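Results of the structural survey
One-letter residues, chain by chain:
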Amino acid sequence: MQVAHFRVDDGLKGVAARNPVFMLGLLAVGIPTLVAVATQSWTREEGVHGPIVLATGLWLIWRRADEIRREAVPGSFWLSFLVLLVAAAIYVFGRAYGFLVLEVGALYIAGIAIAYSLIGWRMLRKLWFPILYLGFAVPLPGWLLDSITLPLKYLVSDIVTRLLQAVGYPIVQVGVTLYIAQYQLLVEDACAGLNSIISLTAIGLFYIYLFHNASWRYALVLVALVLPIAILANVIRVIILVLITYYLGDAMAQGYLHDAAGIVTFVSALLLIFLIDGLLTPVRRLLARSSDAPAA
């Protein structure tokens with residue numbers, strides 16, 4: 001039994017021509033979700049990396065198209081069909097009740113199921129990184145963001161207060177609110193570091209895979225460094241904004257300088273990751289040799 005007829009060497013035009021109803025169904029489901037995530041998640045700082053991840057992740061798969069056509073072996077139809085049924089149920093629920101994370105997550109699962117039916121488990125394993133990387137395009141649920149962001153906001157606020165007090169500035173912390181002279185500043189979610197952590201992790205993994213094709217052990221080492229780098233970058237960002245407020249006033253700090261400080265700190269954190277990667281070259285080579293060594 002087959003619902004749709006696919007051949008890996010068909011190409012997009014061939015698949016669409018042989019399965020017009022199936023392709024129309026995918027477009028009818030995918031386009032509204034793409035519009036929703038573009039207008040809701042991608043317009044906020046925590047989701048700004050989404051379109052970059054989607055475009056570069058699909059490119060990583062496209063660049064191996066010849067290998068996929070050559071080595072693909074179709075997977076089990078029934079397993080794919082069952083996974084698609086589960087994904088469809090999750091999608092309907094998420095779409096009906098406005099849970100964007102479920103809606104996008106269901107399409108992500110459905111995409112993996114369709115890929116498995118076309119190219120099989122062996123080829124899917126070879127594409128593990130692009131598949132994992134594309135998962136960064138799925139927006140995180142709000143409750144998870146809030147539960148992680150709040151402790152980070154307290155941490156950043158505490159570090160900034162202690163550092164500025166140590167050099168003589170009249171600053172006091174109450175929760176995540178900072179008081180300096182006659183000004184009051186609230187450390188918002190964007191300054192907590194979570195957004196930077198997600199974006200830096202995604203970009204860092206893409207960089208490692210594309211330029212080094214390094215082992216997963218080295219990838220874990222570099223990703224583990226993203227957290228302190230992101231926190232440090234956002235501490236510097238908040239310090240800059242506090243000093244701008246103290247010397248130039250609240251209007252200047254909340255204007256274009258606020259966004260400029262965010263861009264500068266993010267780029268600085270990204271450059272710091274590249275610098276650390278260069279310094280860790282001996283570690284990367286050592287881990288690569290250990291992973292290539294034959295088992296005892």
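Residues numbered from 1 in each chain as written. Predicted model: local features only at pLDDT ≥ 70, side-chain atom pairs only at ≥ 80, totals over all residues. Heavy atoms only, no water.

It is worth spelling out the sheet that holds strand β3 (residues 183-186) at this point. In spatial order, the strands read β1-β2-β3; together these three strands make up an open sheet with antiparallel pairing. Two strands close off the open sheet at either side, each with one partner strand: β1 (171-174) and β3. Direction aside, the axes of adjacent strands within the sheet are offset by 20 degrees on average. Where β1 meets strand β2 (residues 177-180), four bridges bridge the pair, whose relative direction is antiparallel. Along β2, the bridge assignment pairs glutamine 173 with leucine 178. Helix α8 (residues 142-166) contacts β1 and β2 of the sheet and is inclined by roughly 160 degrees relative to β1. (Pairing = 2+ DSSP bridges. Helix = DSSP H or I, 4+ residues; strand = E, 2+ residues; numbered from the N terminus. Axes fitted to C-alpha atoms, helices over the stretch in contact; angles between N-to-C directions. Contact = heavy atoms within 4.5 Å.)

Per-residue pLDDT for the protein chain has a mean of 80; in total, 83% of the residues score no lower than 70. Considering only residues more than four positions removed or in separate chains, one finds that residues 1-6, a stretch of pLDDT under 50, has eleven contacts. (pLDDT = per-residue confidence, 0-100.)

Counting residues in hydrophobic clusters, the biggest one holds 42 residues, and the most contacted among them are Tyr133, Val160, Leu178, Leu200, Leu222 and Val242. Elements represented by at least two residues in this core include exactly α3 (50-62), α7 (128-134), α8, β2, β3, α9 (194-211), α10 (216-248) and α12 (256-279). Ranked by the residues each element gives to this core, the list is headed by α10, at twelve residues. When near neighbours in sequence (up to four residues on either side) are disregarded, leucine 222 contacts Ile208, Ile273, Ile276, Asp277 and Leu280. Residues Ile119, Met123, Leu127 and Ile131 belong to the second largest nonpolar core, which totals eight residues. (Core = buried A, V, L, I, M, F, W, Y, C linked by side-chain atoms within 4.5 Å. Buried < 20%, exposed > 50% of the residue type's maximum accessible area, 1.4 Å probe, protein only.)

Before going further, it helps to spend a moment on empty space enclosed by the protein. Tallied over the full model, the rule gives one cavity of 30 Å³ or more. Empty space within the largest cavity amounts to approximately 30 Å³. Taken together, Leu200, Thr201, Gly204, Leu205, Ile208, Leu222, Val223, Val226 and Ile273 form the lining of the largest cavity. Listed by contribution, the elements that provide at least two residues to the lining of the largest cavity are α9 and α10. If one sorts the elements of the lining of the largest cavity by residue count, α9 sits on top with five residues. Taken together, the residues of the lining of the largest cavity break down into seven nonpolar, two polar and no charged. (1 Å grid on protein atoms, 1.4 Å probe; cavity = no way out; pocket = protein on both sides within 12 Å on 5 of 7 lines; lining within 4 Å. Points joined across faces, edges and corners; volume = space filled by probe spheres on them. Nonpolar A, V, L, I, M, F, W, Y, C, P; charged D, E, K, R; others polar.)

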